[in-house]
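# Examination of the molecular architecture
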Amino acid sequence: FAKELLSLGSGGRNDFYHGGLKRNVRVHLEMFASLQDQPERRKANYIMLGKSSYTAQWGLALDFSAVAMGLPACKRCLQKLLANDVQTCGASQCTYCVSWNTDASSGLLDFEPPDNYPQDHIPSSGKLSPKRITYEWMMAAVTTAHNGVV
């Protein structure tokens, strides 16, 4: 099965007869997602163990290299964290860091869209915000990509 899947996605001429259209159609197959129950099987979704540019943290789509300076706690927030004063520190109050909180919505984690990102999906700020990766979100991304090609 795996060999067949790879051959149908290799870019070769994969023409099959389509009965409804009464003609041959070219088929290109790619696996976008599969359900996997163990972290060591994540490679089936092509996001491995959080080692790529946009998925350095499992389950989060974010360009970590672009926002790396704002992730760690700044000196002030670190002191508050060490003093267990988490209520007065963090993304909602600090303009320098998100104190490791990747769910922060302060704008410090916003990043430039990658090349070829659909222009009509870029917010007015011109930057993208982190997204939690869910199968629903991935299905919507595949639909958007498909509609942009077909």
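Since the model is a prediction, treat every value here as computed from it, not as a measurement.

## What about the nonpolar core?
Counting 10 residues, the largest nonpolar core consists of L60, L62, F64, V67, L71, V98, A104, L109, F111 and L128. If near-sequence neighbours (up to four positions away) are discounted, L71 is found in contact with F64, V98, S99, W100, T102 and L109.

## Re a nonpolar patch on the surface
Residues L78, L81 and L82 make up a contiguous nonpolar surface patch of roughly 270 Å² in combined accessible area. Here L81 lies in helix α3 (residues 75–82).

## Brief notes about the environment of R76
As for its placement among the helices and strands, R76 is situated in helix α3. The class of R76 is partly exposed, set by a relative accessible area of 44%. Residues R76 and Y96, 20 residues apart in the sequence, show an inter-C-alpha distance of 9.6 Å.

## Some thoughts on the pattern of salt bridges
This structure, assessed with the given rule, holds 2 salt bridges. D15 is paired through a salt bridge with R26; the nearest N and O atoms lie 3.2 Å apart. Taken together, the residues D15 in strand β1 (residues 15–18) and R26 in strand β2 (residues 23–26) connect sequence positions 11 residues apart. Relative accessible area serves as the criterion here: at 33%, D15 is assigned to the partly exposed category.

## Comments concerning the environment of A61
In this fold, A61 is placed in strand β3 (residues 60–61). A61 sits 69 residues away from P130 along the chain, and the two C-alpha atoms are 5.6 Å apart.

## Comments concerning unusual backbone geometry
Even without being a glycine, S99 presents a positive backbone phi close to 50°. Considering the arrangement of structural elements, one finds S99 in the loop between α3 and β4 (131–132).

## Here's the deal with the pairing of β1
Strand direction decides the pairing type here: β1 and β2, joined by 4 bridges, are antiparallel. The residue of β2 that forms the bridge with D15 is R26. As consecutive antiparallel partners, β1 and β2 are separated by 4 residues, and within that stretch K22 has a phi angle of approximately 60°, a positive value.

Cut-offs applied
Residues numbered from 1 in each chain as written. Predicted model: local features only at pLDDT ≥ 70, side-chain atom pairs only at ≥ 80, totals over all residues. Heavy atoms only, no water. Core = buried A, V, L, I, M, F, W, Y, C linked by side-chain atoms within 4.5 Å. Buried < 20%, exposed > 50% of the residue type's maximum accessible area, 1.4 Å probe, protein only. Contact = heavy atoms within 4.5 Å. Patch = residues over 30% accessible without salt bridge, like charges linked within 9 Å, V, L, I, M, F, W, Y side chains within 5 Å. Areas by Shrake-Rupley, 256 points an atom, 1.4 Å probe, with all protein chains shown as cover. Salt bridge = Lys/Arg side-chain N within 4 Å of Asp/Glu carboxyl O. Helix = DSSP H or I, 4+ residues; strand = E, 2+ residues; numbered from the N terminus. Pairing = 2+ DSSP bridges.

Honestly, that's just the spatial picture; any functional story needs more than this.
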